[in-house]
Amino acid sequence: MTAPQIELVLSKDLDQDLRKIADKVIAGERITFDEGVILYKKGELAFVGALANFIRERKHGDNTYFNKNFHVEPTNICVFDCKFCAYSKLLREKTEYDAWELSEEQIIEKVKSYEGTAVTEVHIVGGVHPKMGLHYFANLIKKIKEIRPDIHVKAFTAVELEYMCRKAKVSYREGLQILKDHGQNSLPGGGAEIFAEAIREEICKDKCTSDEWLEIHQTAHEIGMPSNATMLYGHIESFEDRVDHMNRLRELQDKTGGFNTFIPLKYRNGNNQMSHVEEVSVIEDLRNYAIARIYMDNFPHLKAYWPMIGRDTAQISLSYGVNDIDGTIDDTTKIYSMAGAEEQNPAMTTEQLVKLIKQVNRKPLERDSIYNIVKDYTNEFETKEASPY
Ligand code: V47
Ligand code: SF4
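This write-up is about the structure you can find in this document.

Rules and cut-offs
Residues numbered from 1 in each chain as written. Chains lettered and ligands numbered in written order. Predicted model: local features only at pLDDT ≥ 70, side-chain atom pairs only at ≥ 80, totals over all residues. Heavy atoms only, no water. Phe/Tyr/Trp six-rings, centres within 6.5 Å; stacked < 30°, edge-to-face > 60°. Helix = DSSP H or I, 4+ residues; strand = E, 2+ residues; numbered from the N terminus. Buried < 20%, exposed > 50% of the residue type's maximum accessible area, 1.4 Å probe, protein only. Lys NZ or Arg CZ within 6 Å of the ring centre and 35° of its normal. Near = heavy atom within 4 Å. Polar contact = N/O pair within 3.5 Å; in protein donor to acceptor, adjacent residues only side chain to side chain. Areas by Shrake-Rupley, 256 points an atom, 1.4 Å probe, with all protein chains shown as cover. Nonpolar A, V, L, I, M, F, W, Y, C, P; charged D, E, K, R; others polar.

**Considering the packing of aromatic side chains**
Phase 1 of the analysis: Throughout the structure, instances matching the rule amount to 12 aromatic pairs.
Phase 2 of the analysis: Taking 5.5 Å as the distance between ring centres and 55° as the angle between the ring planes, the aromatic pair formed by Phe195 and Trp213 counts as tilted. In this pair, Phe195 sits in the loop between helix 8 (172-181) and helix 9 (197-204) while Trp213 sits in helix 10 (residues 210-222), placing the two residues 18 residues apart along the sequence.
Phase 3 of the analysis: Taking relative accessible area as the criterion, Phe195 reaches 0% and is therefore assigned buried.
Phase 4 of the analysis: Take Trp213: its relative accessible area is 0%, and that puts it in the buried class.
Phase 5 of the analysis: Among the aromatic residues, those joined into a ring-pair cluster are Phe195, Trp213, Phe259, Phe262 and Phe299.
Phase 6 of the analysis: The ring of Tyr295 carries Arg250 above its face, with NZ or CZ at 3.9 Å from the centroid.
Phase 7 of the analysis: Over the face of the ring belonging to Tyr371 we find Arg367, whose NZ or CZ atom lies 4.0 Å from the ring centre.

Spelled out as structure tokens, the structure:
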């Protein structure tokens, strides 16, 4: 499908700048910061989509990865006050959602409840609780590993890690090494938001800075812990800010190669202090995935987090650069349902997820947390139709 799509796009009477970008992408060359901004300002969905799909298929063919994970959110109590956050409780007036704080026993019980199931990863993330520190979490991870030695522990955003290390009076390297020695395997990509300092000042001024976020991920990569990266988009940032964000990540990836996947996170405006900020359209979501795929040439994977954008958009995103879907998770995360996402109970069975991928003629592959293939589902769960994409 790729070649005709590209020809169709290029046969149009293309703007000179866009043609130059298309030529570079087809030749496998990196685009510049300014060209990234041009794509956001001038690139129609069909144009950026065809280029992104071309890159996606060059890198991965039809392969579409998912993993089987569950989330543990120890608490939503948080010392910080991000304006977009519908989730944290402390300085916030009471809403329909209450504060929670799981005890160690409750967390262990939750992990035990997955005994005998095929999950390969636990994603631990939550509010920044003043009393849950580095050593508490290190011991918790050790206990989780005693119960499930096989499970991959992806835990703590750089925001949580910065606070933990500061409170424990250890360097990032020492703190991360302690967590690694207790069994933590990797870092999730949260807390990055948008790196442009002026925007960060407006939306999340009291938490870790952009430089700190990048330093923590760099240090993690240096001691052998891979990580992910996110970008919260579609609020008050400009197109230049989005490219700046991706550029800082691309530069770090050039140095370390430690990032696995890039996850654009659509700003949702329910129940937060920025609810007056309108959400962007689905077209903009798809354009953003596509431009991310084009710009982030050194990131192996681009992930759609379906609990936030919904299953339909996640399915369509597979034609706009996305090759990774998170996940067959059950209803263990509340971050998005509390922020107004359609998915109030984000659970998808393996069958539903495999069918979602097969319906658009992609190849469903279960992966582990570092992208080794666990199982090929090509011949399972037949779908009624597989439409050309
Ligand atoms: O950092 C909070 C975002 C993130 C809102 O690494 C919001 O595999 C939109 O990072 N609208 C945490 N987004 C979640 C996260 C994540 C999720 C799935 C997989 C991985 C991974 C990482 O959630 C926060 C923030 O950027 N967030 N509030 C909101 N109103
Ligand atoms: Fe706390 Fe994270 Fe919410 Fe910010 S986004 S207030 S750090 S839970």
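**Some details on the site of ligand 1**
Phase 1 of the analysis: Looking at ligand 1, there are 23 residues lining it, with Lys154, Gly189, Gly191, Glu193 and Lys303 nearest.
Phase 2 of the analysis: Between ligand 1 and Gly191 there is a distance of 2.7 Å, counted from an oxygen atom to a backbone nitrogen or oxygen.
Phase 3 of the analysis: Glu193 places a polar side-chain atom, nitrogen or oxygen, 2.4 Å from an oxygen atom of ligand 1.
Phase 4 of the analysis: Here ligand 1, which alone exposes 620 Å², has 95% of that area covered by the protein.
Phase 5 of the analysis: Elements with a minimum of two residues in the shell around ligand 1: strand 5 (227-233), strand 6 (259-266) and strand 7 (301-305).
Phase 6 of the analysis: Here the shell around ligand 1 is built from residues that sort into 10 nonpolar, 7 polar and 6 charged.

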